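Descriptive structure summary
If you want the building blocks of each chain, they are given just below.
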Amino acid sequence: MALGLEYYLVLSALLFTIGVLGVLIRRNAIIMFMCIELMLNAANLAFVAISRSLGQAEGQLFVFFVMAVAAAEVAIGLAIIVSVFKHKETINVDEVNSLKG
Amino acid sequence: MTAEHVLFFIFGAVSLIGAISVISFKHPIYSALSLIVTFFAQAGLFVLLGAHFVAAVQVIVYAGAIMVLFLFVIMLLNLGTLPAKSALTGKMKSIAVVFGVLLAAEVIFIAISAMNDTEVGSETTREAAAAFAEKSVTTYNIGELLFSKYLLPFEVTSLILLAALIGVIVLVKRENQTHN
């Protein structure tokens, strides 16, 4: 007997919430970024669990698309963080508060 | 208590502890290493769900490529020498934790009630799932779907990666021009 879907959904919800909390609590841009990865991974876990419950492979396919988008997002985001650090000498998001360049 | 239960609780506990460590360590390097632990535990959960190929990609792409990028940037910026000050007071942090617990309860409630309302949680689907768990999706099935029904999204993904590549080059290049 396979483990029920609800176990995986609850774990996924908890991981997602920890990611949200990290974005709310931490002010370090890199750690906030890692928390976004955590949320994407929680969504991936829900995708794979529901894919097994429905007996379809589509859920696993969407995990690949999420991973590809996450890879692109990490590359761009880290490049932005590096250029912000070069300008401001900080990656604390509270100190990066002007859009005037 | 089957072997799947035991393994689920071990991997689940490890991934939750890793996730909590990510948001509680002061130094970004420790957070990044905790995130790698979480990713490995999630790869174990994917194996439990019968998604072996997803588990392999999780380890190679997430725990490998993406986390190397994170560690590289953390070490490049040498963030350990920065003063680690937090703008949030203890009161704000406790408010954030309270709302976080509320959010968790909400997400769990929505997920479980949606599962019970729709066909996902129905008895026939559960039986199908039990049968499905026996055979499990192979890499062959995934490749077949990816290159037939989902060919267009697959190609669009390559465009997204190209756009990211060009974007990173442009970001770094503009940086050089302003300095010269």
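Here the structure is a predicted model, which means the values were calculated and not measured.

1. Regarding the packing of helix α1 (residues 5–25) of chain A against helix α4 (residues 90–117) of chain B
- Between α1(A) and α4(B), the shortest axis-to-axis distance is 9 Å and the interhelical angle comes to 150 degrees. In terms of axis orientation, α1(A) runs roughly antiparallel to α4(B). Seen along the crossing, α1(A) lies across α4(B) with a hand that is right-handed. Listed contacts from α4(B) to A:Leu5, A:Glu6, A:Leu9, A:Val10, A:Ala13, A:Leu14, A:Phe16, A:Thr17, A:Val20, A:Leu21, A:Leu24 and A:Ile25 of α1(A) are B:Lys93, B:Ala96, B:Val97, B:Gly100, B:Leu103, B:Ala104, B:Val107, B:Ile108, B:Ala111, B:Ile112 and B:Met115.

2. So, the interface of chain B and chain A
- If you look at the interface, chain B gives 70 residues, while chain A gives 61 residues.
- Elements with a contribution of two residues or more to the side of chain B that touches chain A: α1 (3–24), α2 (28–48), α3 (52–77), α4, α5 (123–135), α6 (139–146) and α7 (151–179) of chain B.
- Examining the composition of the side of chain B that touches chain A, we find that 11 residues originate from one element, α4(B), more than from any other.
- A per-class count over the side of chain B that touches chain A returns 53 nonpolar, 14 polar and three charged.

3. Brief notes about the nonpolar core
- Within the largest apolar cluster, 62 residues are counted, with the highest numbers of intra-cluster contacts made by A:Ile30, A:Met34, A:Leu45, A:Val48 and A:Ala49.
- Elements represented by at least two residues in this core include exactly α1, α2 (29–54) and α3 (58–88) of chain A together with α1, α2, α3 and α4 of chain B.
- Examining the composition of this core, we find that 15 residues originate from one element, α2(A), more than from any other.
- Once residues lying within four places of it in the same chain are set aside, the contact partners of A:Leu45 are A:Tyr8, A:Leu11, A:Ser12, A:Leu15, B:Gln42 and B:Leu45.

4. Quick look at α3(B)
Residues and elements named next belong to chain B.
- Here α3 is 26 residues long and its end C-alpha atoms lie 36 Å apart, about the 38 Å a rise of 1.5 Å per residue gives.
- The largest bend in α3 amounts to roughly 30 degrees and is located at Met 67.
- Residue Asn 78 follows α3 closely and has a positive phi angle near 55 degrees.

5. What about the confidence of the model for chain B?
Residue and element names in this part refer to chain B.
- Chain-level statistics for chain B give a pLDDT mean of 84 and a share of 80% at 70 or above.
- The least confident element of chain B is α5, whose mean pLDDT is 62; the most confident is α2, at 94.
- Both scores are given for the predicted complex: the pTM is 0.87, the ipTM 0.90.

Parameters at a glance
- Residues numbered from 1 in each chain as written.
- Chains lettered and ligands numbered in written order.
- Predicted model: local features only at pLDDT ≥ 70, side-chain atom pairs only at ≥ 80, totals over all residues.
- Axes fitted to C-alpha atoms, helices over the stretch in contact; angles between N-to-C directions.
- Helix = DSSP H or I, 4+ residues; strand = E, 2+ residues; numbered from the N terminus.
- Parallel < 35°, antiparallel > 145°, perpendicular 65-115°, else oblique.
- Left-handed = near helix turned anticlockwise from the far one by under 90°.
- Contact = placed C-beta atoms within 7 Å.
- Nonpolar A, V, L, I, M, F, W, Y, C, P; charged D, E, K, R; others polar.
- Core = buried A, V, L, I, M, F, W, Y, C linked by C-beta atoms within 7 Å.
- Buried ≥ 20, exposed ≤ 12 C-beta atoms within 10 Å, placed from the backbone.
- Expected span 1.5 Å × (residues − 1).
- Bend = angle between axes of the 7 residues up to and from the residue.
- pLDDT = per-residue confidence, 0-100.

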